[in-house]
Amino acid sequence: MKKTLILGLLAACAVGCHAAGEGDDPVIMTVNGKPVLKSEFEYSYRKNNGEDVIDHKTVKEYVELFANYKRKVEAALDAHLDTLSSYQQEFRQYRDQQVLPTIISEADVDNEARVIYQETKDRIGPDGLVSLQHILLRVGQNDSESVKQSQAQRADSVYQALMNGADFSELARRVSQDPGSAPSGGELPWLSKGQTLPAFDAAAFALKEGEISRPVLTEVGYHVIKMKARKQLEPYEEVKNDIYQFIEKREIRESIARNRVKAMAEGSGKTEQQIMDESADSISAINQDMKYLIKEYHDGLLLYEISNREVWEKASKDEPGLQVFYNKNKKKYKWDEPRFKGIAYHTRDAKDVEAVKKCLKKEPFSKWADILRTTFNNDSVLRIRAEKGIFKKGDNGLVDKEQFKVADAKVKEIKDFPYTSTYGKMLKGPEEMDDVRGLVVGDYQDSMEKAWVEQLKKRYPVSVDEKVLSTVKADK
């Protein structure tokens, strides 16, 4: 979750066209002796303090957040996390998504669009495209002769009705057995030769506009076909936008770029990775926003990895530490209203209602799910359906009805499981850490984060040039 948020913030940035090195760009701070330019700080501040940000920070307030961010990245670099192959692969993946589109021009995309257009035109051929309606009466390969004859007679009747003036669309909606086209009156999309079954194809393209075919037998049944219109493929400029949309949806633009990278590598004797590295350096040299976006991918992934190691995963797996933390802060974890700790369950057999309670009576709550699975659902037939948890009023209809005594509670019915019950106990407040584990873990992570940051402050000193900081503009 936290990794998604970090990378989501990075991806949300709109890449502009500010050239690096334009104007004065002084050092705004140093982190462990390493200079940070004003432009980088401004880029980060503006992106993370846009109009859609609820917790808006002033420039002064943001300095500390930014400095701690840099300290954590320094810790990750000192731990050599940037040398991990998994990190390098993930970083290049995110970076290349931004760089690849810059390797090709709109002319390259247009050339590909014209190739697609010409290939489509060649496939359509001189017969062009046809707009058709059809009525299908299905005949299966294994149907009896009597069924086949009956469908043939029905097809003839449909044809005769049409010849006598029946409305094709209305008749298709009533009798056609093609679920895809029947609701729209038998309408089919524009088709070229070779897109349908051979017998259907031959009959359809032999028709003139407005003409209706006699019943045509194909592998799926009898068709009565109406030719509505014929046309040739429109000129390129008229369908250009549609082809461009096709290119974007099928990610063909990326394919064009990757083919270009491959050709560049083969022509230079370099690897494709080297070409991408050089391209990233080149675009970063002239596009400041792209430069800092790539840097944020680089640093953001390091931040995630070091934070996970030092805080998030470390805290969630530290059972002794969590328990000590909970014991010290028990008063903090109170509930505004009672909750039911137990299960709400449905059974196939009435006798299992009591069997469940008897099975769980002397067992710890943490093991209930495994016990129910191995005792009642350990074969090919499920005997019970159960939901285990700590429920407040409104979480579960069955719990509301049986435990909270809600008169109009809506209990969800489960097919083939007619017998229902609940088992557990009502609590005024949490009786053990597991009852509020999510909150405890979150708070424990926060406490570890604060302690870690204090260590980083001592390890990685930060010096801010207040004069340069005063020149930072909050808005672009």
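This one's a predicted model, so the numbers in the text were calculated from it and none came from an experiment.

**Brief notes about the pattern of salt bridges**
Step number 1: Using the criterion set out here, one finds 41 salt bridges in the structure.
Step number 2: Linking aspartate 443 and lysine 332 is a salt bridge whose minimum nitrogen-to-oxygen distance equals 2.9 Å. Here lysine 332 lies in the loop between α13 (319–328) and β7 (339–347) and aspartate 443 lies in helix α17 (residues 437–459), a separation of 111 residues in the sequence.
Step number 3: Overall, the relative accessible area of 55% leaves lysine 332 in the exposed class.
Step number 4: Residue glutamate 431 pairs with lysine 341 through a salt bridge whose shortest N-O separation is 3.1 Å. With glutamate 431 in the loop between β9 (419–427) and α17 and lysine 341 in strand β7, this pair connects stretches of sequence that are 90 residues apart.
Step number 5: On the basis of relative accessible area, lysine 341 is assigned to the buried category, the value being 4%.
Step number 6: Each of Lys341, Lys425, Glu431, Glu432 and Asp435 takes part in one network of salt bridges that share partners.

**Quick notes on the sheet that holds strand β3 (residues 129–138)**
Step number 1: Ordered by their spatial adjacency, four strands build an open sheet running β4-β3-β6-β5, and the pairing between neighbours is antiparallel. The open sheet has two edge strands, β4 (191–192) and β5 (216–218), and neither has a second partner.
Step number 2: Examined bridge by bridge, β3 and strand β6 (residues 221–231) share 10 bridges and lie antiparallel to one another. Paired with serine 131 across the two strands is alanine 229, which belongs to β6.
Step number 3: Across the sheet, helix α6 (residues 145–163) lies against β3 and β6, angled at about 35 degrees from β6, the strand it touches most.

**Topic: the nonpolar core**
Step number 1: By size, the foremost hydrophobic cluster in this structure holds 61 residues, and its most contacted members are Ile243, Ile247 and Val440.
Step number 2: With 13 residues, the top contributor of residues to this core is helix α12 (residues 288–316).
Step number 3: Apart from the residues within four sequence positions on either side, isoleucine 243 is in contact with Ala113, Ile116, Tyr117 and Tyr236.
Step number 4: Ala155, Leu162, Phe168 and Leu171 belong to the second-largest nonpolar core, a separate cluster that totals 15 residues.

**Brief notes about helix α10 (residues 252–268)**
Step number 1: Compared with the 24 Å implied by 1.5 Å per residue over 17 residues, the 24 Å span of α10 between its first and last C-alpha is a close match.
Step number 2: Those residues of α10 not exposed but buried are Ile252, Arg253, Ile256, Ala257, Val261 and Ala265.
Step number 3: Where α10 is buried, its residues contact α4 (85–103), α5 (106–124), α9 (236–249) and α11 (272–286).
Step number 4: Glycine 269 occupies a position one or two residues after α10 and carries a positive phi of about 80 degrees.

**What to know about the side chain of arginine 253**
Step number 1: By the element assignment, arginine 253 lies in helix α10.
Step number 2: Once residues lying within four places of it in the same chain are set aside, the contact partners of arginine 253 are Ile104, Glu106, Val109, Ile247 and Glu248.

**Here we look at the sheet that holds β9**
Step number 1: The strand order across the open sheet formed by three strands is β8-β7-β9, and the pairing between neighbours is antiparallel. Sheet topology places β8 (384–391) and β9 at the edges, where each strand pairs with a single neighbour. For this sheet, the mean inter-axis angle between neighbouring strands, taken without regard to orientation, is 10 degrees.
Step number 2: Relative to β8, β7 runs antiparallel, the two sharing eight bridges. Counterpart to threonine 347 in the pairing with β8 is isoleucine 384.

**Comments concerning the packing of α11 against α12**
Step number 1: Contact geometry of α11 with α12 gives a least axis separation of 5 Å together with a crossing angle of 130 degrees. Considering their axes alone, α11 and α12 lie oblique with respect to each other. Note on element contacts: α12 touches α11 through Gln288, Met290, Lys291 and Ile294, opposite Ala280, Ile283, Ser284 and Ile286.
Step number 2: Tallied by class, residues from the contact of α11 with α12 come to five nonpolar, two polar and one charged.

Conventions adopted
Residues numbered from 1 in each chain as written. Predicted model: local features only at pLDDT ≥ 70, side-chain atom pairs only at ≥ 80, totals over all residues. Heavy atoms only, no water. Salt bridge = Lys/Arg side-chain N within 4 Å of Asp/Glu carboxyl O. Helix = DSSP H or I, 4+ residues; strand = E, 2+ residues; numbered from the N terminus. Buried < 20%, exposed > 50% of the residue type's maximum accessible area, 1.4 Å probe, protein only. Pairing = 2+ DSSP bridges. Contact = heavy atoms within 4.5 Å. Axes fitted to C-alpha atoms, helices over the stretch in contact; angles between N-to-C directions. Core = buried A, V, L, I, M, F, W, Y, C linked by side-chain atoms within 4.5 Å. Expected span 1.5 Å × (residues − 1). Parallel < 35°, antiparallel > 145°, perpendicular 65-115°, else oblique. Nonpolar A, V, L, I, M, F, W, Y, C, P; charged D, E, K, R; others polar.

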